[in-house]
Amino acid sequence: MSSTANTKQSSKLPTPWIEKIFRQLQGRFGNSFTNKYATGQIIEEKFLDKDGNPLLDKEGKPRQPIFKDLGIENAKSVWATQLGHLSAAEIAKGLEANYTYPPSCDDFVKAAQNIDYETLFQEAVKGHSAIRSKINYVKRNKDEKDKVFIWTNPLAYWAGVEFGVTDLLATNYQRSQTRWNHCVEKAISQNKKTAPVPPTPAALPP
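All values reported here derive from a predicted model rather than from experimental measurement. (Residues numbered from 1 in each chain as written. Predicted model: local features only at pLDDT ≥ 70, side-chain atom pairs only at ≥ 80, totals over all residues. Heavy atoms only, no water.)

Trainee: Would you take a moment to explain the packing of aromatic side chains for this structure?
Mentor: Aromatic rings considered in pairs are described by the distance between their centres and by the relative angle of their planes. Within this structure, the stated rule accounts for twelve aromatic pairs. Ring centres 6.2 Å apart and planes at 40° place the aromatic pair Phe22 and Tyr37 in the tilted group. With Phe22 in helix H1 (residues 15–29) and Tyr37 in the loop between helix H2 (31–34) and strand S1 (42–45), the pair connects residues that are 15 residues apart, well separated along the chain. For the pair Phe22 and Tyr37, one class covers both residues: buried. (Phe/Tyr/Trp six-rings, centres within 6.5 Å; stacked < 30°, edge-to-face > 60°. Helix = DSSP H or I, 4+ residues; strand = E, 2+ residues; numbered from the N terminus. Buried < 20%, exposed > 50% of the residue type's maximum accessible area, 1.4 Å probe, protein only.)

Okay, here's the thing in structure tokens:
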């Protein structure tokens, strides 16, 4: 992982990376980590060439198949997709984070990116409220300019758009925490962490 410590993964985390993550987390938390995903349904992984013939080991003998739990393999696939937008540095941060319990995929992403969801929510409310006020102000007085809200984190803007501005301004973080966190994570997965905030539009989507 160290050779690409500053790169971003565009889609799915490479298999060796996700295998290392699962090994390290199992090393820290034991079977309480993997048992969350285990189903007891065992699948057989065979080592075959492109023609379907067994691959040989160093001694010239057919390589023995590996038996894996289907649930754990499915979890690895989901984690690989959900962590695909993280940099190697962020993944390392997620592995070094302190967890009270074995982390879920969402817990890992949050620790890796050190996201303060509530602070983002408060900025989104203030920012989108300011935009709405400016729109109303401009509609009332087209010849004068209002103050422009300065966004400190583009994620707050884009997650607010995903949440729905009307809904956003009518709720609070405690009431909508799960929905808001999902919107933030979706904005991150769409690479909106550094996406520029557009100029105040003539109208916002409801």
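Trainee: Please explain the environment of Phe121 as it appears in this structure.
Mentor: In this structure, Phe121 sits in helix H6 (residues 117–140). Between the C-alpha atom of Phe121 and that of Ser176, which follows or precedes it by 55 residues, the distance is 9.8 Å. Apart from the residues within four sequence positions on either side, Phe121 is in contact with Leu168, Thr171, Asn172, Tyr173 and Trp180. (Contact = heavy atoms within 4.5 Å.)

Trainee: I keep staring at the environment of Thr166 and nothing clicks. Help me out?
Mentor: By the secondary structure assignment, Thr166 is in helix H8 (residues 165–168). Looking at Thr166, the relative accessible area reads 41%, which means it is partly exposed. Taking the C-alpha atoms as reference points, Thr166 and Arg132, 34 residues apart in sequence, are found 9.8 Å from one another.

Trainee: Looking at this structure, how should I read the pattern of salt bridges?
Mentor: When the charged atoms of two side chains lie near each other, side chains of opposite charge can form a pair. Considering all chains together, one arrives at seven salt bridges under this definition. Of the charged contacts, one joins Lys76 and Glu73 as a salt bridge, the two residues approaching to 3.4 Å between their closest N and O atoms. Here the residue Lys76 and the residue Glu73 both occupy positions in helix H3 (residues 70–82), the gap between them amounting to three residues, near one helical turn. With a closest N to O distance of 3.1 Å, Lys186 and Glu162 form a salt bridge. Note that Lys186 is positioned in helix H9 (residues 173–189) and Glu162 in helix H7 (residues 154–163), a separation of 24 residues in sequence. Bridged by salt links that share partners, the residues Glu19, Glu73 and Lys76 form one connected network. (Salt bridge = Lys/Arg side-chain N within 4 Å of Asp/Glu carboxyl O.)

Trainee: How should I be thinking about the environment of Ile115 in this particular structure?
Mentor: Along the chain, the position of Ile115 falls in the loop between helix H5 (105–113) and H6. In the structure, Ile115 is positioned 66 residues away from Asn181 in sequence and 9.6 Å away in space, judged by C-alpha atoms. Setting aside its immediate chain neighbours within four residues, Ile115 contacts Lys110, Leu120, Val184 and Ile188.

Trainee: Explanation requested: the layout of surface pockets in the structure shown.
Mentor: Space left empty within the atom packing is revealed by a probe, the size of a water molecule, rolled over the atoms. Here the second largest pocket is characterised by a volume of approximately 150 Å³. In terms of lining residues, the second largest pocket is bounded by Gln82, His85, Cys105, Asp106, Val109, Gln113, His182, Glu185, Lys186, Ile188 and Ser189. Those elements giving two or more residues to the lining of the second largest pocket turn out to be H5 and H9. Broken down by element, the residue count for the lining of the second largest pocket peaks at five residues, all from H9. Across the lining of the second largest pocket, the residue classes break down as three nonpolar, five polar and three charged. (1 Å grid on protein atoms, 1.4 Å probe; cavity = no way out; pocket = protein on both sides within 12 Å on 5 of 7 lines; lining within 4 Å. Points joined across faces, edges and corners; volume = space filled by probe spheres on them. Nonpolar A, V, L, I, M, F, W, Y, C, P; charged D, E, K, R; others polar.)

The analysis is restricted to geometry; functional conclusions fall outside its scope.
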